[in-house]
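Structural features, examined
The lines below spell out each chain.
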Number of protein chains: 2
Amino acid sequence: MAQASQAIVGDSEFDRDTAVTRRGPGVYDIDLSAGWTITGALNGGYLLAVLGRALADALPHDDPFTISAHYLTASRPGPATVRTDVVRTGRTLSTGQASLFQHDDEGREVERIRVLASYGDLDTLPDDVRTTAKPPAIPPIQQCFGPQDAPGPVPGGSAIADRLFLKLDPATLGWALGAPSGKGEMRSWFGLADGRDADPFSLLLAVDALPPTAFEMGLKGWVPTVELTVHVRCRPAPGPLRVSITTRNLAGGFLEEDAEVWDSADRLVAQSRQLARARLAD
Amino acid sequence: MAQASQAIVGDSEFDRDTAVTRRGPGVYDIDLSAGWTITGALNGGYLLAVLGRALADALPHDDPFTISAHYLTASRPGPATVRTDVVRTGRTLSTGQASLFQHDDEGREVERIRVLASYGDLDTLPDDVRTTAKPPAIPPIQQCFGPQDAPGPVPGGSAIADRLFLKLDPATLGWALGAPSGKGEMRSWFGLADGRDADPFSLLLAVDALPPTAFEMGLKGWVPTVELTVHVRCRPAPGPLRVSITTRNLAGGFLEEDAEVWDSADRLVAQSRQLARARLAD
């Protein structure tokens, strides 16, 4: 099912750590890598990419066009199984469902995440582009800062930071200096640390790989994702991506994070929205 | 499962036409009403509300918090069955899946729509509201226009227009006068024609009940929804809603429609995004 791509994709950390092994029809195995954790928890975008790969194998179309995930229970590094169902196959779009399972401490199989997605072929889309959205105003990379520039380590550890190339807009870094801006914004240049170019699956990671906007809004602590929907609209060009995340509706203990991902050719390659729980009390 | 509400909800067209009859555990029947069609096709938000009701019965929580639907094949007025699966039940959130089936001309059962959703209890949410989004700039109702004010009937019929109270912002009505603005925007006051107040299920209708933004962008014809995700963030207050829809990424034969629904108390009660096919050639 995999097709060669112009970008440098194939034998990278991201590919190895999201590769699933087909055990039989609709059943895939993987060892979820601890390399993609933040404060010990596996990143939701990494997990979505794993499920996305299984669906790409199960469906006749290769590229996720729209994919929604409901995060049920926290996944842990270690063995996991993905089970897929083909819902419908069409000429230009196919739809499938996938679930990630792990065994709990009592050896029972527990569902971690369920996904519903429609796939197509990005290479067959007409190139008529009438996007009116504009790329984010983010300073050049040299004027942005990554985890490596931080004064100290992230409390609880951040293995994922070693896998990513992240250079955040200083205007969204007040939280790291004890002075959050109060605005629900987070912007960053984004890539993979080993230089692998973006592809539709790494876009699923990119939309969930920045620090939470909640940090800039002065909230502390865990902002767990309840649901995440990603639209992949274009195969990303090689080179760094720009990710811009916005929160405008923090209310009732929940918030939304809207992410836009722009590639080096100034295309809006992915849009996502997630609903997350926000703990308001400090 | 149904709870009394302060708003006028209960014996209205919308309630009657979205009520499902439980045949057995996880199986519900309904006769989809032709009253909710536009140019003969059943409105996607109406269908989502039907599925939403079935899930509210199947799950221990009553209110959709985040619900995603993939539209597989076109539904028709007439008999349909909804089958639900409980994915996970939790203390504050439960997750379920639902599918709508109908029989095709050969008598085979065909899946029309599949939904994945997480439900909770809107009444238990804390009232801490830090929404930074602002209500849409839309003129007062008296300065807006509905289908009843149109010069002629919608080609192909619009039964749904008789079920809705729609008063569109004249700034987004250029298309109706042969002069589309070119901007991907649509704004309207919204209610139900028989005066029923809004509730979480009618919000699922509201996000998909306006004319397509594509009309204002000069596109003609059918803009079928591939996928629709709605976040219901607050129980709406009685009185008319304001719906504002934006498209910023028309490209490659697809577009997104982002909808915000504001209630009479100036709360952002629902946010949605759909991915739709856009036919570019006139």
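Residues numbered from 1 in each chain as written. Chains lettered and ligands numbered in written order. Predicted model: local features only at pLDDT ≥ 70, side-chain atom pairs only at ≥ 80, totals over all residues. Heavy atoms only, no water.

As annotated in an unreviewed UniProt entry, chain A is Thioesterase family protein from Streptomyces phaeolivaceus.

Moving on to the overall build of chain A. In terms of helices and strands, chain A carries four helices and 16 strands. Its C-alpha radius of gyration of 18 Å places chain A within 12% of the 19 Å reference for a compact globule of 282 residues. Each principal axis of the C-alpha distribution contributes one length, and for chain A these read about 55 × 50 × 35 Å. Across the 282 residues that make up chain A, the buried fraction comes to 59%. For chain A, the proportion of contacts with a sequence separation of at least 24, taken over those separated by at least 6, is 70%. Working note: accessible area of chain A is about 11200 Å², and carbon and sulfur atoms make up 52% of it. Side chains of chain A carry 27 positive and 36 negative charges; the gap between the two charge centres is 4 Å. (Helix = DSSP H or I, 4+ residues; strand = E, 2+ residues; numbered from the N terminus. Rg over C-alpha atoms; globule rule 2.2 N^0.38 Å. Buried < 20%, exposed > 50% of the residue type's maximum accessible area, 1.4 Å probe, protein only. Contact = heavy atoms within 4.5 Å. Areas by Shrake-Rupley, 256 points an atom, 1.4 Å probe, with all protein chains shown as cover. Lys, Arg positive; Asp, Glu negative; His and termini not counted. Charge placed at Lys NZ, Arg CZ, Asp CG, Glu CD.)

Bringing the pairing of strand β6 (residues 78–89) of chain A into the picture now. In summary, the side chains of a regular strand alternate between the two faces of the sheet. Residue and element names in this part refer to chain A. Here strand β2 (residues 27–32) pairs with β6 via six bridges, running antiparallel. Its bridge partner being in β6, Leu 32 is matched across the sheet by Gly 78. In this structure, the hairpin formed by β6 and strand β7 (residues 94–103) is closed by a connection of four residues. (Pairing = 2+ DSSP bridges.)

To continue, consider the interface of chain B and chain A. It is common to report an interface's size as the accessible area lost on association of the parts. Counting residues at the interface gives 55 residues for chain B and 55 residues for chain A. Summing both partners gives a buried area of about 4800 Å² for chain B against chain A, and 51% of it is carried by carbon and sulfur. Taken together, the connections running from chain B to chain A amount to two salt bridges. A salt bridge links Glu260(B) to Arg248(A); the nearest nitrogen and oxygen atoms lie 2.5 Å apart. When residues in the side of chain B that touches chain A are grouped by element, the largest group, seven residues, is from strand β16 (residues 268–277) of chain B. Residues of the side of chain B that touches chain A, tallied by class, amount to 21 nonpolar, 19 polar and 15 charged. Summarising the sheet, strand β9 (residues 129–131) of chain A and strand β14 (residues 249–251) of chain B pair through three bridges and their orientation is antiparallel. Its bridge partner lying in β14(B), Thr131(A) is registered against Asn249(B). (Buried area = accessible area lost by both parts, 1.4 Å probe. Salt bridge = Lys/Arg side-chain N within 4 Å of Asp/Glu carboxyl O. Nonpolar A, V, L, I, M, F, W, Y, C, P; charged D, E, K, R; others polar.)

A word on the relation of the copies chain B and chain A. Overlaying chain B with chain A gives an RMSD of 0.0 Å, the required rotation being 180 degrees about an axis along which the chain moves by 0.0 Å. Given the turn and translation reported, the copies of this chain are related as if by a two-fold rotation axis. Both copies contact each other with a shared surface, as 100% of the interface residues of chain B are interface residues in chain A too. (Least-squares fit on C-alpha atoms with pLDDT ≥ 70 in both.)

So, about helix α2 (residues 44–58) of chain B. Given a rise of 1.5 Å per residue, 15 residues ought to cover 21 Å, and the 21 Å separating the end C-alpha atoms of α2(B) matches this to within 8%. Counting buried positions along α2(B) yields 13 of 15 residues, so the element is predominantly enclosed. (Expected span 1.5 Å × (residues − 1).)

Right, let's get into the packing of aromatic side chains. Applying the stated criterion across every chain, the model contains eight aromatic pairs over all chains. Ring centres of Phe65(A) and Phe254(B) lie 5.5 Å apart, and the angle between their planes is 85 degrees; this geometry places the pair in the edge-to-face category. With Phe65(A) in strand β5 (residues 63–71) and Phe254(B) in strand β15 (residues 254–262), this pair bridges two chains. Given a relative accessible area of 4%, Phe65(A) falls into the buried group. On the accessibility criterion, Phe254(B) (6% relative accessible area) is buried. By way of ring pairs, the aromatic residues Phe14(A), Trp36(A) and Tyr46(A) are connected into one cluster. Taking NZ or CZ as reference, Arg83(A) lies 5.6 Å from the ring centre of Phe101(A), over its face. (Phe/Tyr/Trp six-rings, centres within 6.5 Å; stacked < 30°, edge-to-face > 60°. Lys NZ or Arg CZ within 6 Å of the ring centre and 35° of its normal.)

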